[in-house]
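Here is what each chain is made of, one letter per residue.
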Amino acid sequence: MDVYKIKGGKPLRGKIKVSGAKNSAVALIPASILASSPVTIEGLPEISDVFTLQTLLEDIGGQVEFSGGKMVIDPREMVAMPMPNGNVKKLRASYYLMGAMLGRFKHAAIGLPGGCHLGPRPIDQHIKGFEALGAKVTNEHGAIYLRADELRGAKIYLDVVSVGATINIMLAAVLAKGRTVIENAAKEPEIIDVATLLSNMGAKIKGAGTNVIRIDGVEQLNGTKHTIIPDRIEAGTFMIMAAAAGDGITIDNVIPLHVEALTAKLREMGVEVEEGEEQIFIPKTEKLQAVDVKTLVYPGFPTDLQQPFSVLLTQAAGSSVVTDTIYSARFKQIDELRRMNADSRVEGQSVILSGPTKLEAATVRASDLRAGAALVIAGLVANGETEIQEIQHIERGYGSLIEKLQGIGADIWKETVPEEAVVKE
Ligand code: EPU
């Protein structure tokens, strides 16, 4: 079993580069299914979710070349192969195959998606959208079957603001007949990125990034070349790391507007955040103040940074309350942080943390992607040698993390340890 080992307490300084956005990548790649000629996507992160999607596109007959962050996808020979099991279960975003394959082939069979366990993660709003466009949707033995004679534009009001449902309905609607209007749409930057790719392919989309998106269906979409946006969650993770353990860190390849909610919270805590055009510099912080945080849909504080941020709060003076309004049970990092001496407890939908605490190294488990990122930050802050197990969760979303952190002076490395060393729950 591979683990990360970290000797904490080293001052981190220098420049760290952010990769392309995972949550865009996992939608841009399936979007290529809709094209009638090759699509090139540049700046993709080299993470396991991207490699899995490459395999999935190859499984349905796509020709895919991927190197140096550039993926060229030839969708011409793709077929609507049923994918009830296997790789689709490895990642949450395999649900985008539903929208893209329904859009192109008018039918698809995709196993219910996997991904991080953050409590209930229904896809009812995706299905509501597909049905409104004219698809018959059934759940047969854990796989979703979608069939339509034709797709017709419709007005769809999302009962829950959902990134996945917004993108999935866009994917299904771009080749439908007539106009689709998505109301109460999500506004995340990743949605704009996907709409940009689709528009460059020839789709007619207006309003991406606002809560009403209008799509006029077209007959055909063509290949194009697209450069992905930087990953705002990876950037945010590095900003939190810089505030917790940095001695002057420049975060490179970031759009400061995309991380504004975090920047505001960091400033409230006493962290200096210097914004450039595509860089953010965070000098050493001497004293951190406790703050309360509530996660909200974009442009609010992102749920994906709540877990890493909770580690920073263990270093702040006073009591902080973190409330996750998106995923009420996304607190699996807290038990692990307690092993490391954090003064923290979960109360309903919130976590209460008190600090500052001297974190102590321990052997801990990454239960999900962002819990894993939180534990890496905790390991960098703690006294002694921390071991993080189940790092496959971290590698789903953070590419070359070890190398990037070594580049700013972190004492972190990957090691293979015997299976019997696994921490039991
Ligand atoms: N929801 C429903 N019904 C639906 C869809 C969503 O009730 O049909 C609820 C969810 O249970 C949740 C809320 O709506 O409470 C928001 O979910 P959303 O659909 O926006 O989440 P998602 O699209 O499945 C994406 C990211 C997540 C991120 C969330 C929220 C991808 C592949 N995943 O998930 O990213 O936490 O948006 O911003 O884009 C991560 O990167 O670590 C991660 C989990």
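Thresholds, definitions, all that
Residues numbered from 1 in each chain as written. Predicted model: local features only at pLDDT ≥ 70, side-chain atom pairs only at ≥ 80, totals over all residues. Heavy atoms only, no water. Pairing = 2+ DSSP bridges. Helix = DSSP H or I, 4+ residues; strand = E, 2+ residues; numbered from the N terminus. Axes fitted to C-alpha atoms, helices over the stretch in contact; angles between N-to-C directions. Near = heavy atom within 4 Å. Polar contact = N/O pair within 3.5 Å; in protein donor to acceptor, adjacent residues only side chain to side chain. Areas by Shrake-Rupley, 256 points an atom, 1.4 Å probe, with all protein chains shown as cover. Nonpolar A, V, L, I, M, F, W, Y, C, P; charged D, E, K, R; others polar. Domains from an automatic or database assignment. Buried < 20%, exposed > 50% of the residue type's maximum accessible area, 1.4 Å probe, protein only. Parallel < 35°, antiparallel > 145°, perpendicular 65-115°, else oblique. Left-handed = near helix turned anticlockwise from the far one by under 90°. Contact = heavy atoms within 4.5 Å. Lys, Arg positive; Asp, Glu negative; His and termini not counted. Salt bridge = Lys/Arg side-chain N within 4 Å of Asp/Glu carboxyl O. Core = buried A, V, L, I, M, F, W, Y, C linked by side-chain atoms within 4.5 Å.

Colleague: Got a sec to walk through the pairing of strand E8 (residues 143-147)? Specific residues and values, please.
Modeller: In this structure, strand E6 (residues 107-111) lies alongside E8, joined through five bridges in antiparallel fashion. Among the inter-strand pairings, Ala109 is bridged to a residue of E8, identified as Tyr145. In this structure, strand E7 (residues 136-140) lies alongside E8, joined through five bridges in antiparallel fashion. Looking at the pairing, Glu140 lines up with Ala143 of E8.

Colleague: Go over the sheet that holds strand E20 (residues 350-355), please, and point to the residues and values.
Modeller: Strand order in the open sheet made by the four strands is E17-E18-E20-E19, with mixed pairing throughout. This sheet does not close on itself; its edge strands, each paired only once, are strand E17 (293-295) and strand E19 (343-347). Each adjacent strand pair in this sheet contributes to an overall mean axis angle of 15 degrees, direction not counted. Where E17 meets strand E18 (residues 318-324), three bridges bridge the pair, whose relative direction is parallel. Considered in E18, the bridge of Lys294 is made with Thr323.

Colleague: Give me the lowdown on the site of the ligand, citing residues and values where you can.
Modeller: By nearness alone, 25 residues border the ligand, and Gln125, Ser162, Asp304, Ile326 and Arg370 come closest of all. A distance of 2.8 Å is found between a nitrogen atom of the ligand and a side-chain nitrogen or oxygen belonging to Asp124. In this structure, an oxygen atom belonging to the ligand sits 3.1 Å away from a side-chain N or O atom of Tyr327. Out of a free accessible area of 820 Å², the ligand has 90% covered by protein chains. At the level of secondary structure, the elements contributing two or more residues to the shell around the ligand comprise helix H1 (22-31), helix H4 (124-132), helix H5 (163-173), helix H9 (303-313) and helix H11 (369-381). Looking at the shell around the ligand residue by residue, the class counts come to 12 nonpolar, six polar and seven charged. Taken domain by domain, the shell around the ligand gets at least three of its residues from each of domain 1 (2-19 + 230-421) and domain 2 (22-227).

Colleague: Lay out the pairing of strand E16 (residues 279-282) in plain terms, naming residues and giving numbers.
Modeller: Of the two faces of E16, only the one carrying Ile280 and Ile282 is buried; Gln279 and Phe281 on the other face are not. Here strand E14 (residues 246-252) pairs with E16 via four bridges, running antiparallel. Bridge assignment links Asp252 to a residue of E16, and that residue is Gln279. Bridge count for strand E15 (residues 274-275) against E16 is two bridges, and the pairing is antiparallel. For Glu274, the partnering residue across the bridge sits in E16 and is Phe281. The turn joining E15 and E16, which pair antiparallel and follow one another in sequence, is formed by three residues.

Colleague: A description of the packing of helix H7 (residues 232-245) against H11 should follow, citing residues and the corresponding values.
Modeller: Contact geometry of H7 with H11 gives a least axis separation of 10 Å together with a crossing angle of 20 degrees. As the angle between them shows, H7 and H11 are arranged roughly parallel. Considering only the axes of H7 and H11, their crossing is right-handed. Here Ile233, Thr237, Ile240, Met241, Ala244 and Ala245 of H7 come into contact with H11, specifically with Arg370, Ala373, Val376, Ile377, Leu380 and Val381. The residue inventory of the contact of H7 with H11, partitioned by class, reads 10 nonpolar, one polar and one charged.

Colleague: For the packing of H4 against H5, give the residues involved together with the corresponding values.
Modeller: For the pair H4 and H5, interaxial distance at closest approach is 8 Å and the crossing angle is 25 degrees. On the basis of the axis angle, H4 is roughly parallel to H5. As H4 runs across H5, the sense of the crossing is right-handed. Residue-level inspection shows Gln125, His126, Gly129 and Phe130 of H4 in contact with H5, the latter providing Gly164, Ala165, Asn168, Ile169 and Ala172. Along the lines of polarity and charge, the residues of the contact of H4 with H5 split into four nonpolar, five polar and no charged.

Colleague: Any chance you could break down the side chain of Asp252 for me, citing the residues and the numbers?
Modeller: As for its position among the elements, Asp252 is in strand E14. No salt bridge is formed by the buried Asp252, whose closest oppositely charged neighbour, Lys15, lies at an N-O distance of 4.5 Å.

Colleague: Would you mind going over the nonpolar core in detail, with residue names and values included?
Modeller: One finds Met101, Met170 and Leu198 to be the most contacted residues of the largest nonpolar core, which totals 77 residues. Filtering out sequence-adjacent residues up to four positions away, Leu198 remains in contact with Ala31, Leu34, Met170, Leu171, Val174, Ala203, Ile205 and Leu221.

Colleague: Quick one: what's the story with the environment of Ala21, residue by residue and with numbers?
Modeller: With respect to the helices, strands and loops of the structure, Ala21 is situated in the loop between strand E2 (12-17) and H1. Its relative accessible area of 1% is what places Ala21 among the buried residues. C-alpha of Ala21 to C-alpha of Leu97: the two residues are 76 residues apart in sequence and 18 Å apart in space. Apart from the residues lying within four places of it in its own chain, the contact partners of Ala21 are Pro45, Ile228, Ile229, Pro230 and Asp231.

Colleague: Tell me about the sheet that holds strand E1 (residues 2-7), and please be specific about residues and values.
Modeller: The strand order across the open sheet formed by four strands is E21-E22-E1-E23, and the pairing between neighbours is mixed. Whereas interior strands pair on both sides, the edge strands pair on one side only; in this sheet they are strand E21 (363-365) and strand E23 (411-416). Strand-to-strand, the axes of this sheet are offset by a mean angle of 25 degrees, without reference to chain direction. Sheet contacts for H11: E1, E21, strand E22 (385-389) and E23; angle to E1, the most-contacted strand, approximately 35 degrees.

Colleague: Break down unusual backbone geometry for me, with residues and values.
Modeller: Negative phi characterises most residues that are not glycine, and trans characterises most peptide bonds. Omega for the peptide link from Tyr298 to Pro299 comes to 10 degrees, which places this bond in the cis form. Structurally, Pro299 is set in the loop between E17 and H9. A cis amide bond links Gly355 with the next residue in sequence, Pro356, at an omega value of 0 degrees. For Pro356, the location among the structural elements is in the loop between E20 and E21. Positive phi outside glycine occurs at Asn184, with the angle close to 60 degrees. If you trace the backbone, Asn184 turns up in the loop between strand E10 (179-183) and helix H6 (189-200). Look at Asn253: it is not a glycine, yet its phi comes out positive at around 70 degrees. Residue placement: Asn253 occurs in the loop between E14 and helix H8 (260-269). For Asn253, a relative accessible area of 24% corresponds to the partly exposed category.

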